[in-house]
Amino acid sequence: MAEATKSSLLKVILLGDGGVGKSSLMNRYVSNKFDTHLFHTIGVEFLNKELVVDGRAVTLQIWDTAGQERFRSLRTPFYRGSDCCLLTFSLDDGQSFVNLANWKKEFAYYADVRDPDRFPFVVLGNKVDAPERQVAGEDVQHWCRDNGGHAYFETSAKDATNVTSAFEEAVRRMLATSDEPAHHLFLDLKDG
Ligand SMILES: Nc1nc2c(ncn2[C@@H]2O[C@H](COP(=O)(O)OP(=O)(O)OP(=O)(O)O)[C@@H](O)[C@H]2O)c(=O)[nH]1
């Protein structure tokens, strides 16, 4: 009889300006689909994805939030309990990169993260396929280094570049931060 396999439930949250591609990244990763006619997210939505990283079974709960300022009060109550935060900007929108610092602050405040430099943030520069690039990779690398050593991925939800790698790195960072965070749930995937 096979032994029971335990899967950690990890909560990851996508934050960043409206239109940078958060919903598209979640849909690409979970459903391998891309839609050019997405509506702005209102509040939050989440999807689960099961995966195995370095031999560990994980159920990733991905929370996609509304980036537009007018939805702030609808999204912030969902920050608590996150194991990782994906700070997302668009490489063809310089202001969305500048705004990452505010997103990090907003997350740390509402998620009640005591030491943001030890929390696993991963930075995603999305729309790497777009021709009108406004942000240099080097500038992002510097920002990541100066702000706690975050991992950085240049992604495209459109053509799938680096999307799986980015989510898998997020899982690795979550598992490395703590083997058993206080709020983790453990799910039985199979029992025989
Ligand atoms: N070229 C290109 N376009 C993308 C990419 N990702 C998303 N888009 C487009 O950018 C627009 C906004 O994408 P969304 O995924 O809705 O952005 P969002 O960050 O979820 O926006 P909010 O819900 O308002 O916070 C859509 O038209 C997408 O098709 C990408 O990687 N490359």
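About the cut-offs
Residues numbered from 1 in each chain as written. Predicted model: local features only at pLDDT ≥ 70, side-chain atom pairs only at ≥ 80, totals over all residues. Heavy atoms only, no water. Helix = DSSP H or I, 4+ residues; strand = E, 2+ residues; numbered from the N terminus. Buried < 20%, exposed > 50% of the residue type's maximum accessible area, 1.4 Å probe, protein only. Contact = heavy atoms within 4.5 Å. Areas by Shrake-Rupley, 256 points an atom, 1.4 Å probe, with all protein chains shown as cover. Salt bridge = Lys/Arg side-chain N within 4 Å of Asp/Glu carboxyl O. Phe/Tyr/Trp six-rings, centres within 6.5 Å; stacked < 30°, edge-to-face > 60°. Lys NZ or Arg CZ within 6 Å of the ring centre and 35° of its normal.

*Asks:* Pulling in residues and values, what's your account of the overall build of the protein chain?
*Replies:* A count of helices and strands for the protein chain gives six helices and seven strands. Secondary structure elements of the protein chain occur, N-terminal to C-terminal, as β-α-β-β-α-β-α-α-β-α-β-α-β. The buried share of the protein chain, taken over its 192 residues, is 49%. In the protein chain, the share of contacts with a sequence separation of at least 24, taken over all contacts with a separation of at least 6, comes to 74%. Taken as a whole, the protein chain presents about 9900 Å² of accessible surface, with 48% of it coming from carbon and sulfur.

*Asks:* So what's going on with the pattern of salt bridges? Residues and values would help.
*Replies:* Following the criterion strictly, the structure yields nine salt bridges and no others. With its nearest N and O atoms 4.0 Å apart, the salt bridge here joins D117 to K104. Here D117, found in the loop between helix 4 (100-110) and strand 5 (121-126), pairs with K104, found in helix 4; they are 13 residues apart in sequence, far enough to count as distant. By relative accessible area, K104 is classed as buried at 9%. When the shortest N-O distance is used, the salt bridge between E169 and R173 registers 2.9 Å. Here E169 pairs with R173, and both are found in helix 6 (residues 163-177), just four residues apart, close to one helical turn. Taking the relative accessible area as the measure of exposure, R173 reaches 27% and is therefore partly exposed.

*Asks:* Which residues make up the packing of aromatic side chains, and what values do they have?
*Replies:* In the structure shown here, the tally under the stated rule is 12 aromatic pairs. Geometrically, the ring pair formed by Y79 and F107 is tilted, given 5.8 Å between the ring centres and 35 degrees between the ring planes. Of this pair, Y79 sits in the loop between helix 2 (72-75) and strand 4 (84-90) while F107 sits in helix 4, placing them 28 residues apart in sequence. Across the pair, exposure class does not vary: Y79 and F107 are buried alike. Aromatic side chains F107 and F121 sit 5.6 Å apart centroid to centroid with 80 degrees between the ring planes, which places their arrangement in the edge-to-face category. Here F121 lies in strand 5 and F107 lies in helix 4, a separation of 14 residues in the sequence. The exposure classification of F107 matches that of F121, with both residues buried. Among the aromatic residues, ring-to-ring pairing joins Y79, F107, Y109, Y110, F119 and F121 into one connected group. Here K49 stacks its cationic end above the ring of Y29, 4.8 Å away from the centre of that ring. Its end group placed over the ring of F121, K104 keeps NZ or CZ at 5.1 Å from the ring centre.

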